[in-house]
Amino acid sequence: MRDMTSAYQAAISSAMLRPALFVQATFVSGPLYVWSGMGPITWNGQVWIGIGTLGSVSTIEEGSTVSAKGVTLTLSGLDPTLLEDVMEEFQVGLPALVYLGVFDATGALIADPVCCFSGRMDQPTIDISGTTASIAINCENRLVEMNVSVERRYTDEDQQLDYPGDLGFQFVNGIQDAQIYFGRSPSSKNNL
């Protein structure tokens, strides 16, 4: 269960739901804050830029099993001459967050929007058609990192990276080819 304020719970349970998506995507020069409405809105100490119908977020899936499900963030209606600037700002692996917010009947944002996706950005896909372009950025859930092998070893050198001066692994290299006899020595007459 996610942490939700009582006002937020009441709003999502009401007959009239007024949702909005907030996306925080980090680029080389810093995070970009956009939301699915029109005009700027201030929340969480940031001014979020409204992109309206120019942006979209694919379906956010969750399940009862532990599996990594990603989302795709799309921004359309871009001037193709700006693509070079956009690509210079992009770096694979930077964080992206998607929040679901709701508004009350007066149009005020109800505290606090809930984070419904947290992951890292993957390689973007660019589509140029006529005078406009669109960019789709696949975002992978952090659970994908569970499939990446850890490049660590049980050696003294590796142990010193985390715990300088620890002597717990100092003899590991010496025991790799050591023959250890349990019981009698190999020169005993009763050994087979």
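Predicted model, so just to flag it, every value in this text is computed and none were measured. (Residues numbered from 1 in each chain as written. Predicted model: local features only at pLDDT ≥ 70, side-chain atom pairs only at ≥ 80, totals over all residues. Heavy atoms only, no water.)

Q: Quick rundown of the sheet that holds strand β4 (residues 46-50)? Include the residues and the values.
A: A sheet is described by the order of its strands in space; here nine strands give the open sequence β3-β4-β2-β1-β7-β8-β9-β6-β5, paired in mixed fashion. Single-partner strands in this sheet number two, and they are β3 (41-43) and β5 (55-57). With direction set aside, neighbouring strand axes in the sheet form an average angle of 30°. Lying over the sheet, helix α1 (residues 6-13) contacts β7 (95-102) and β8 (114-129), oriented at roughly 70° with respect to β7. (Pairing = 2+ DSSP bridges. Helix = DSSP H or I, 4+ residues; strand = E, 2+ residues; numbered from the N terminus. Axes fitted to C-alpha atoms, helices over the stretch in contact; angles between N-to-C directions. Contact = heavy atoms within 4.5 Å.)

Q: Describe in detail the packing of aromatic side chains, supporting the description with residues and values.
A: The full count for this structure, using the stated rule, is 10 aromatic pairs. Ring plane angle 20° and centroid distance 6.2 Å describe the contact between Tyr154 and Phe169, whose orientation is recorded as stacked. On the criterion of sequence distance, the pair formed by Tyr154 in the loop between β9 (132-141) and α3 (156-162) and Phe169 in the segment after α3 is long-range, its members being 15 residues apart. The exposure class of Phe169 is partly exposed, given its relative accessible area of 23%. Put simply, the rings of Phe22, Tyr33, Trp35, Trp43, Trp48, Tyr99 and Phe103 touch in pairs and so form one group of aromatic residues. (Phe/Tyr/Trp six-rings, centres within 6.5 Å; stacked < 30°, edge-to-face > 60°. Buried < 20%, exposed > 50% of the residue type's maximum accessible area, 1.4 Å probe, protein only.)

Q: Summarise the pattern of salt bridges; cite the residues concerned and give the values.
A: Taken as a whole, this structure holds three salt bridges when the rule is applied. The salt bridge involving Arg153 is made with Glu151; its shortest N-O contact spans 3.8 Å. Each member of the pair, Arg153 together with Glu151, is exposed. Asp158 is the partner of Arg152 in a salt bridge, and the nearest nitrogen-oxygen pair spans 2.9 Å. Via salt bridges that share partners, Arg152, Asp158 and Asp162 belong to a single interconnected network. (Salt bridge = Lys/Arg side-chain N within 4 Å of Asp/Glu carboxyl O.)

Q: Explain the environment of Ile12 to me, and be specific about the residues and the numbers.
A: Relative to the assigned elements, Ile12 resides in helix α1. Overall, the relative accessible area of 35% leaves Ile12 in the partly exposed class. Spatially, the C-alpha atom of Ile12 lies 7.4 Å from that of Val102, the residues being 90 residues apart in sequence. Discounting chain neighbours no more than four positions away, the residues touching Ile12 are Met4, Leu17 and Val102.

Q: Could you give an account of the pairing of β9, with specific residues and numbers?
A: One ladder, built from six bridges, connects strand β6 (residues 71-78) with β9; its direction is antiparallel. The residue of β9 that forms the bridge with Thr72 is Asn138. With nine bridges connecting them, β8 and β9 associate as antiparallel partners. When the sheet's bridge partners are listed, Met121 is paired in β9 with Cys139. The turn linking β8 back onto β9 is made up of two residues, and Gly130 within it adopts a positive phi angle of 70°.

Q: Could you give an account of the nonpolar core, with specific residues and numbers?
A: Counting 19 residues, the largest nonpolar core has Val23, Phe27, Leu73, Val98, Met121, Ile137 and Cys139 as the members making the most contacts within it. The element best represented in this core is β9, accounting for four residues. Residues within four places of Val23 in sequence aside, it is in contact with Leu32, Tyr33, Val34, Trp48, Val57, Leu73, Leu97 and Val98. Core analysis: the next-biggest nonpolar cluster, separate from the first, contains 10 residues, Ala20, Ile41, Leu97 and Phe103 among them. (Core = buried A, V, L, I, M, F, W, Y, C linked by side-chain atoms within 4.5 Å.)

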